[in-house]
Amino acid sequence: MGSNFWSSEEVAKAVERSRLEKKLLMVFIEGKDDQSKNMSQMLGELSEAIVETIKREMVCVRVERESENCSRFSEIYPVVIVPSIYFITIDGVNLDVIPGVVDQENFNQRIQKILSAHKTYIENKNSKALTSPESSNISTSNPANPGSSNPSSSVESNSDRKEFEDKVAKAKQLLEQVKMKMKKEEMEKSHKSEKERVESGKAMQVAKSQREQIEAENALKEKEKEKREAMEAKKRILAQIAADKEDRRRRNEELKGLQARKVQVQENVPQKTVKSDENSTRIQFRLPDGTTLTQTFKSDEHLKVLNDYVSNNSSYRNFTLSTTYPKRIFESNDMAKSLRDLLLVPSSVILVLTNVGPSKKVGAALVPANLFSQAWGFLFATFMAVWGFVLGFFRPSQSGSSGPDAATLLNERKRAAEEQERRFVRRRMEIGRPFANTDGDDDNTWNGNSTQQM
């Protein structure tokens, strides 16, 4: 709204147009600082009435501080303060100057005063122009004194020069006042900023000390908390250790009492002789693929019956029968012997070994290589039998009886020994399979555990 009264022409053309239109020339010297921006914003927010007045009575131009127009203008009118507004008459007289930044109300009042002063200046000038022809007539009517001059005209000229000098002095004084005011404001601002900086430093120091104190208190509290938690944890651990010791002691006492009762019951159990059926025997066949066949045979039947049973109930045809421990491979002359004569009564485990040819026998290959495995199996079977016997004392007794009888203990030991024997036979069968599936024995190497090494 307020930017409508500015002219885009140069200062010289604006001066010429102000003389032709007989208007007051307003020159706004602005820079790139914040004060110039504030002053320019204030001029852009003037009311419509003052804008119309300025457009009607003035020719307005804006001049940048670093421009060539400003340099030319400052040669005639010194530019001391930026921003500033100069009001110049058509005769080139600097009527007034508004230095620095002013508010809108102050600016409106100054404009009214400047326009009033400019109107008075124009009226005085016109009145002087009206009186100048009379003085010229007087001078022409006195030819005898051609060198004489009009004293009233000289007085008026001196009065105008004095008035101009008074205005220049007033403008300089005003500029000095503005400089002093700005310097004072800068000093006050500097003192204020220094004071604020000192106060801010003190506040920061106080805040820092308070923060350090709070951190120290928190660290102390945290340390005390950790100490309490460590003591509580230590107490809990000691209590748990004491409880564990008491629990172990109680369990040991209960175990000792139980062992004493088991020994007493065992001593009181009468020894019974377990009779077995000598007319039949239970044979378990271990096939090369790991499966088993179980059948009961008469003790007087020949070994040929067992051979035929395996042939009829499995897919193997060319095989050899063998006992587990002690190791014995049955030959063709054993087929006519009874199971009783071969010591396969009352029960036994028979290995079914596949034959590898007339020049290679499984037994001859297994016996030298499996001495360590046989000895280890015998020791392990003996240990398992003893272990099963010991475990019998710690098993709970059956309902309605005071403790296990001799037959039950014997059966348990027998089952444990048979289970160990089955495991041992399975390992030996797995060891013997490479002999039955390969013909290049010279290319194989065997370690001390009779396992094939690739």
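Above this text you will find the structure in question.
It should be emphasised that the depicted structure is a prediction, and the values quoted were computed from it without experimental measurement. (Residues numbered from 1 in each chain as written. Predicted model: local features only at pLDDT ≥ 70, side-chain atom pairs only at ≥ 80, totals over all residues. Heavy atoms only, no water.)

**Quick notes on helix H2 (residues 34–44)**
To be explicit about the condition: The classification of residues rests on relative accessible area computed with a 1.4 Å probe and restricted to protein chains. Under 20% of the type maximum is buried, over 50% is exposed, and intermediate values are partly exposed. To qualify as a helix, a DSSP run of H or I must reach at least 4 residues; to qualify as a strand, a run of E must reach at least 2; elements of each kind are numbered from the N terminus. The directions considered for the arc run from the helix axis to the C-beta atoms.
When we look at burial in H2, the residues that qualify are Ser36, Met39, Met42 and Leu43. One face of H2 carries all of its buried residues, which in axial projection span an arc of 125 degrees. Set apart from the buried face of H2 by more than 90 degrees, the exposed residues are Asp34 and Lys37.

**With respect to the packing of aromatic side chains**
Formally: Only rings of Phe, Tyr and Trp enter the pairing, Trp through its six-membered ring, and a pair is recorded when the two centres are within 6.5 Å. The plane angle decides the type: under 30 degrees is stacked, over 60 is edge-to-face, the rest tilted. Distance and angle both matter: a charge sits over a ring if NZ of Lys or CZ of Arg is within 6 Å of the ring centre and within 35 degrees of the ring normal.
Summed over all chains, the structure comprises seven aromatic pairs. Where Phe297 meets Tyr309, the ring centres are 5.5 Å apart and the plane angle is 85 degrees; that geometry is what we call edge-to-face. Placement of the pair is Phe297 in strand S7 (residues 292–298) and Tyr309 in helix H7 (residues 303–313), with a sequence separation of 12 residues. For the pair Phe297 and Tyr309, a shared accessibility class is recorded, and that class is buried. Joined through ring pairs, the aromatic side chains of Phe5, Trp6 and Phe28 make up one cluster. Residue placement shows Arg62 over the ring face of Trp6; its charged tip is 5.2 Å from the ring centre.

**Points about the sheet that holds strand S9 (residues 328–329)**
Just so we agree on the cut-off: By definition, two strands form a pair when at least two bridges between them are found by DSSP.
Taken together, five strands build an open sheet; the order of strands is S7-S6-S10-S8-S9 and the sheet is mixed. The open sheet terminates on both sides in strands that have one partner only, identified here as S7 and S9. By the bridge criterion, five bridges tie strand S8 (residues 319–323) to strand S10 (residues 347–354) in an arrangement that is antiparallel. Across the sheet, Ser322 pairs through a bridge with Leu351, a residue of S10.

**Quick notes on unusual backbone geometry**
With omega at 5 degrees, the peptide bond leading from Val82 into Pro83 counts as cis. Cis geometry marks the peptide bond from Val345 to Pro346, where omega comes out at 5 degrees. On the secondary structure map, Pro346 appears in the loop between S9 and S10. The phi dihedral of Lys22 is positive, around 55 degrees, even though this residue is not glycine. With respect to the secondary-structure elements, Lys22 resides in the loop between helix H1 (11–21) and strand S2 (24–30). Notably, Leu343 is not glycine yet its phi reads approximately 60 degrees, a positive angle.

**Quick word on a nonpolar patch on the surface**
Short version of the rule: In this scheme, patches are assembled from residues that exceed 30% relative accessible area and form no salt bridge. Like charges are connected within 9 Å, while nonpolar side chains (Val, Leu, Ile, Met, Phe, Trp, Tyr) are connected within 5 Å. The protein chains shown are the only cover counted for residues, whose accessible areas, like all others here, come from Shrake-Rupley with a 1.4 Å probe. Only one rule defines a salt bridge in this text: a Lys or Arg side-chain nitrogen within 4 Å of an Asp or Glu carboxyl oxygen.
Taken together, Ile237, Leu238 and Ile241 make up a surface patch of nonpolar side chains, about 280 Å² in accessible area. Its location among the elements puts Ile241 in helix H6 (residues 151–268). Ile241 gets classed as partly exposed once you look at its relative accessible area, which sits at 39%.

**Observations regarding the nonpolar core**
Quick note on the threshold: Think of a nonpolar core as a cluster: buried Ala, Val, Leu, Ile, Met, Phe, Trp, Tyr and Cys residues, connected wherever their side-chain atoms sit within 4.5 Å. Any two residues whose heavy atoms approach within 4.5 Å are treated as being in contact.
Membership of the largest hydrophobic core comes to 23 residues, with the highest contact counts inside it found for Met26, Leu46, Ile54, Met58, Ile85, Phe87 and Phe107. Only S2, H2, helix H3 (48–57), strand S3 (58–64), strand S4 (84–88), strand S5 (94–99) and helix H5 (104–140) provide two or more residues apiece to this core. At four residues, the largest contribution of residues to this core is made by H5. Contacts of Met58, omitting those with residues within four sequence positions, involve Lys23, Leu24, Met26, Phe87, Ile111 and Leu115.

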